[in-house]
Amino acid sequence: MDGRGNSLGKRLGAAGLLLIVGLVAGCDPPANKTPYQPPQTKAAPRTLTVVAAGDLLVHPELSEQAAADARQAGRAGHDFTQVLAAVRPRVSAADLAICHMETPLAPPEGPFTGWPYFSVPPQLADAAAWAGFDTCSTASNHSLDTGVEGIARTLDNLDRVGLRHTGTARNEVEARLPNVLEVKGVRIGHLSYTVSFNGIPLPQGRPWAANMVDEKAILAEAARTRAAGAEINILSLHWGTEYQSEPNAEQIDLARRLLASPDIDLIVGHHVHVVQPFEKIDGKWVAYGMGNLTTRFADGSPENTQDAVVPEFTFTRTPSGRWEVTAVSVLPTWMQYHPAARVVDLTSGVNDPTLPAEQRAQLAAAWKRITGIVNERGAGSAGLRIPE
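These numbers come from a predicted model, not from an experiment.

Reading the values: rules and limits
- Residues numbered from 1 in each chain as written.
- Predicted model: local features only at pLDDT ≥ 70, side-chain atom pairs only at ≥ 80, totals over all residues.
- Heavy atoms only, no water.
- Disulfide = S-S within 2.5 Å.
- Helix = DSSP H or I, 4+ residues; strand = E, 2+ residues; numbered from the N terminus.
- Buried < 20%, exposed > 50% of the residue type's maximum accessible area, 1.4 Å probe, protein only.
- Contact = heavy atoms within 4.5 Å.
- Phe/Tyr/Trp six-rings, centres within 6.5 Å; stacked < 30°, edge-to-face > 60°.
- Lys NZ or Arg CZ within 6 Å of the ring centre and 35° of its normal.
- Pairing = 2+ DSSP bridges.
- Axes fitted to C-alpha atoms, helices over the stretch in contact; angles between N-to-C directions.

Considering the state of the cysteines
Inference 1: Scanning the entire structure with this criterion turns up one disulfide.
Inference 2: Linked covalently through their sulfurs, Cys-99 and Cys-136 form a disulfide whose S-S length is 1.7 Å. Placement of the pair is Cys-99 in strand β2 (residues 96-101) and Cys-136 in strand β3 (residues 135-137), with a sequence separation of 37 residues. Here Cys-99 matches Cys-136 in class, with each residue buried.

Concerning the side chain of Thr-103
Inference 1: For Thr-103, the position within the fold is in the loop between β2 and α4 (123-131).
Inference 2: Accessibility expressed as a relative area gives 1% for Thr-103, which makes it buried.
Inference 3: Once residues within four sequence positions are removed from consideration, Thr-103 is found in contact with Leu-56, Leu-57, Val-58, Phe-118 and Val-120.

As for the side chain of His-270
Inference 1: On the secondary structure map, His-270 appears in strand β8 (residues 266-270).
Inference 2: Judged by relative accessible area, His-270 falls into the buried class, the value being 2%.
Inference 3: Here His-270 is in contact with Ala-53, Gly-54, Asp-55, His-100, Ser-137, Ser-236, Leu-237, His-238, Trp-239, Tyr-288 and Met-290, once residues within four sequence places are set aside.

Examining the packing of aromatic side chains
Inference 1: One pass over the full model with this rule turns up three aromatic pairs.
Inference 2: Centre to centre, the rings of Trp-239 and Tyr-288 are 6.0 Å apart; their planes meet at 25°, and the pair counts as stacked. Placement of the pair is Trp-239 in the loop between β7 (232-238) and α8 (249-259) and Tyr-288 in the loop between β10 (284-287) and β11 (292-294), with a sequence separation of 49 residues.
Inference 3: The class for Trp-239 is buried, based on a relative accessible area of 2%.
Inference 4: On the accessibility criterion, Tyr-288 (0% relative accessible area) is buried.
Inference 5: A ring pair is formed by Tyr-243 and Phe-297, whose centres lie 6.3 Å apart and whose planes are at 65°; its orientation type is edge-to-face. Taken together, the positions of Tyr-243 in the loop between β7 and α8 and Phe-297 in the loop between β11 and β12 (307-317) put the pair 54 residues apart, joining distant regions of the chain.
Inference 6: The class for Phe-297 is buried, based on a relative accessible area of 14%.
Inference 7: The lysine or arginine in question, Arg-296, covers the ring of Tyr-337, its NZ or CZ lying 4.3 Å from the ring centre.

Let's talk about the sheet that holds β8
Inference 1: The sheet built from six strands is open, its strands ordered β5-β6-β7-β8-β10-β9 with mixed pairing. In this open sheet, the two strands that pair with only one neighbour each are β5 (180-183) and β9 (278-281). Geometrically, the sheet is characterised by an average inter-axis angle of 20° between neighbouring strands, direction not taken into account.
Inference 2: Pairing of β7 with β8, which is carried by five bridges, proceeds in the parallel orientation. Looking across to β8, one finds that Leu-235 is bridged to Ile-267.

Regarding unusual backbone geometry
Inference 1: Put simply, Gly-110 and Pro-111 share a cis peptide bond, and its omega is 5°.
Inference 2: Within the secondary structure, Pro-111 sits in the loop between β2 and α4.
Inference 3: Omega for the bond connecting His-338 with Pro-339 falls within 30 degrees of zero, at 0°, which places this linkage in the cis form.
Inference 4: Of note, Pro-339 is situated in the loop between β13 (323-336) and β14 (342-345).
Inference 5: For His-273, which is not a glycine, the phi torsion comes out positive at approximately 75°.
Inference 6: Secondary-structure assignment places His-273 in the loop between β8 and β9.
Inference 7: Phi at Asp-282 is positive, roughly 50°, even though this residue is not glycine.
Inference 8: Residue placement: Asp-282 occurs in the loop between β9 and β10.

Right under this line is the structure:
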């Protein structure tokens, strides 16, 4: 890994300190000097790009792959950068990139566990920052798998690599603090909620430790985030019926009610382990489910659990000063298991003449399956593009 420090460095220029030295009273400026002119304020951008991605889900077999990749590079521990390398160009090029840290992070020495109680190598945070992500949602059905200690470890590691986060909290003050990022001079809020903790109760006396989906709570936080200066609010929702490509009735109804609020501008969805459709509702977009960006189910599992999408949303400032999504572009991806676990950019793979014909046919089938699902609720006719 290249040790990418604060991932926001790609977006946010450091503020300069202007030092003006006054002339001594009674002295005129030298004749050959131009009188001081204050710097011109840089105009705010008219457009911004936001990339989101599916779940960072790590099973023990994927941890083993990351350990093997680290050994191959002559390092100890785990290295997930090779797993994520194919999406780094798209993610790092965005003005803002959002990930979903589904599983809590373990101590460096482990233990590393899978379902039903996940605890995964902390170097996953390093790889997410390396890939170019800026902020991660952390509210998921696995948020409480390792208790408040797991929440703290996860957030400590995200802080360590410079990734912002929302959805879980180490204390009540942090829970109420809006996650607002400044991107090219524009303030963007990011919120995160989940429909379930798999039956694990919230810790005694810490109802704020992780965000459970509650419409009133979501709208209240969105309003607080807007009041904190956010011009754009993006909501990550861990929701839906697992392994079902159609959004369920609760997803559809909740999306319509939340997007009716002036304080929510975009919804991106997680949890179901397969790709679900995109939909434009009254001028705003929802990605019901983006699939698993990383995963390693057992061989023989349904292939669509390896499917994912990495969408890019272009926000444009309207004459009224509000921001709207004016373009959506979707990159289909597929989690290859053999010979090594890697995220595959399907658009590149399908068009790669160096790959065997059988492999290209498999990738083409995944591309066709994903693109068909994405467009099931009219996204294509509403302007969504899938480059071929």
